[in-house]
Amino acid sequence: MNNRYIPLTLIVAVLSLAAVAGFLFIPSVQGNPVRVVMDNSGGRVIFTHLNHAEEYGYECADCHHDDIGQELPIACGSCHPAAFDEEFKAQHQKNFPSKEACLRCHDDIPTGPLAEEDKPDTENIPLRADAFHGQCMSCHESDGGPYGEDSCYKCHAR
Ligand code: HEC
Ligand code: HEC
Ligand code: HEC
Ligand code: HEC
Ligand code: HEC
């Protein structure tokens, strides 16, 4: 091969490798976020998602309910909103990747206004902050991690 083609061949080889590597690795990173930033009235929380899912040795289903279909877990707030108000009622029907998700709250997949006896019992579905605090704290209490009265600023930025 003519010597002047060598640099060009090298560049092409490196770019192809980068493309293959990107194809292989980026989807798994997207499917298991490194960090999740949560803005809220208690001060922003930066949740070290990848550490929790890998270093600390948990399964996805330890935190994401695993009865809502095959697709990737969805934002907790789709089901644990700040309030079960009119906005939730209107928005939530298009928030889910699978029909199984509807059955977490409804006996059947609803298609229109609900009769009184078909309405989900929202007393038993924690609202957003309670769902997060509940899950983070109950695990930290038994397995280690920030927990208790003095723990607030270990998760929330001042
Ligand atoms: C220690 C608990 C925990 C573990 C283990 C865990 N997750 Fe999560 N995951 C969360 C929390 C909390 C969120 C934040 C969701 C939100 O902001 O509503 C989240 C968010 C996500 C999101 C982004 C959802 C969105 O659209 O906001 C994806 C995707 C995800 N997790 C996938 C996974 C996968 C795949 C695994 C297993 C490899 C996993 N998670 C393990 C707690 C966990
Ligand atoms: C498809 C809807 C849906 C999604 C998405 C969802 N939840 Fe839930 N969650 C529920 C319902 C409904 C309940 C009420 C009790 C039950 O059915 O287990 C519940 C109960 C809970 C509870 C109290 C009972 C328990 O299992 O400890 C916690 C804590 C909780 N969810 C946290 C979370 C977190 C954190 C996420 C995101 C990682 C999440 N949920 C995502 C629907 C959902
Ligand atoms: C986290 C629990 C939860 C999940 C998951 C859920 N719903 Fe709902 N849904 C509710 C609540 C709460 C209401 C309001 C009931 C009331 O009026 O008191 C509701 C109401 C409805 C209504 C009636 C709206 C109206 O205007 O009367 C429809 C239709 C509906 N849901 C469809 C769905 C569909 C479709 C899915 C899945 C794609 C789904 N829901 C998933 C909790 C949920
Ligand atoms: C299933 C168990 C489990 C759940 C759920 C959980 N954690 Fe943890 N967390 C741990 C363990 C284990 C450690 C490491 C403790 C140690 O090494 O001392 C930890 C450490 C931490 C730390 C300090 C080190 C770091 O990685 O940043 C923070 C902050 C933290 N968790 C925040 C959260 C938040 C926020 C949530 C809820 C969204 C949460 N955790 C849910 C088990 C859990
Ligand atoms: C393990 C981590 C962790 C610890 C410790 C923690 N929080 Fe939180 N807190 C969270 C997460 C996660 C959220 C929900 C973020 C979101 O809604 O996106 C939250 C939400 C909040 C909110 C917002 C509630 C709302 O309805 O908007 C307040 C206020 C709050 N926490 C206060 C506290 C106080 C006070 C303490 C100490 C007693 C504390 N938190 C300890 C993780 C933690």
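See the structure shown above.
The notes below deal with the structure included here. Computed from a predicted structure; not experimentally measured.

The rules behind each value
- Residues numbered from 1 in each chain as written.
- Chains lettered and ligands numbered in written order.
- Predicted model: local features only at pLDDT ≥ 70, side-chain atom pairs only at ≥ 80, totals over all residues.
- Heavy atoms only, no water.
- Helix = DSSP H or I, 4+ residues; strand = E, 2+ residues; numbered from the N terminus.
- Buried < 20%, exposed > 50% of the residue type's maximum accessible area, 1.4 Å probe, protein only.
- Contact = heavy atoms within 4.5 Å.
- Donors = N, O, S within 2.8 Å, 3.2 Å for Na, K, Ca; no water.
- Tetrahedral: all angles 85-135°; square planar, octahedral: opposite > 155°, others 65-115°.
- Near = heavy atom within 4 Å.
- Polar contact = N/O pair within 3.5 Å; in protein donor to acceptor, adjacent residues only side chain to side chain.

With that out of the way, let us pick up the environment of P146. Examined against the element boundaries, P146 turns out to sit in the loop between α4 (128–143) and α5 (152–155). Judged by relative accessible area, P146 falls into the partly exposed class, the value being 24%. Distance in space between the C-alpha atoms of P146 and C136 is 8.6 Å, their sequence separation being 10 residues. Apart from residues lying up to four places away in sequence, P146 is in contact with M137, H140, S151, K154 and C155.

Turning our attention to the coordination of the iron atom of ligand 2. Protein ligation of the iron atom of ligand 2 involves H65 (NE2) and H80 (NE2), the donor distances falling in the range 2.0 Å. Given 6 donor atoms and angles of 86 to 179 degrees at the metal, the environment of the iron atom of ligand 2 is assigned as octahedral. With H65 in the loop between α2 (49–55) and α3 (86–91) and H80 in the loop between α2 and α3, this residue pair connects regions lying 15 residues apart in the sequence. H80 gets classed as buried once you look at its relative accessible area, which sits at 12%.

On to the site of ligand 4, then. Around ligand 4 sit 17 residues, and of these H52, Y56, C136, C139 and H140 come closest. Interatomic distance of 2.9 Å between a side-chain N/O atom of H52 and a nitrogen atom of ligand 4. Within the side chain of Y56, a nitrogen or oxygen atom sits 2.6 Å from an oxygen atom of ligand 4. Mapped onto the shell around ligand 4, the elements with two or more residues apiece are β2 (45–47), α4 and α5. Tallying contributions element by element places α4 first for the shell around ligand 4, with 5 residues.

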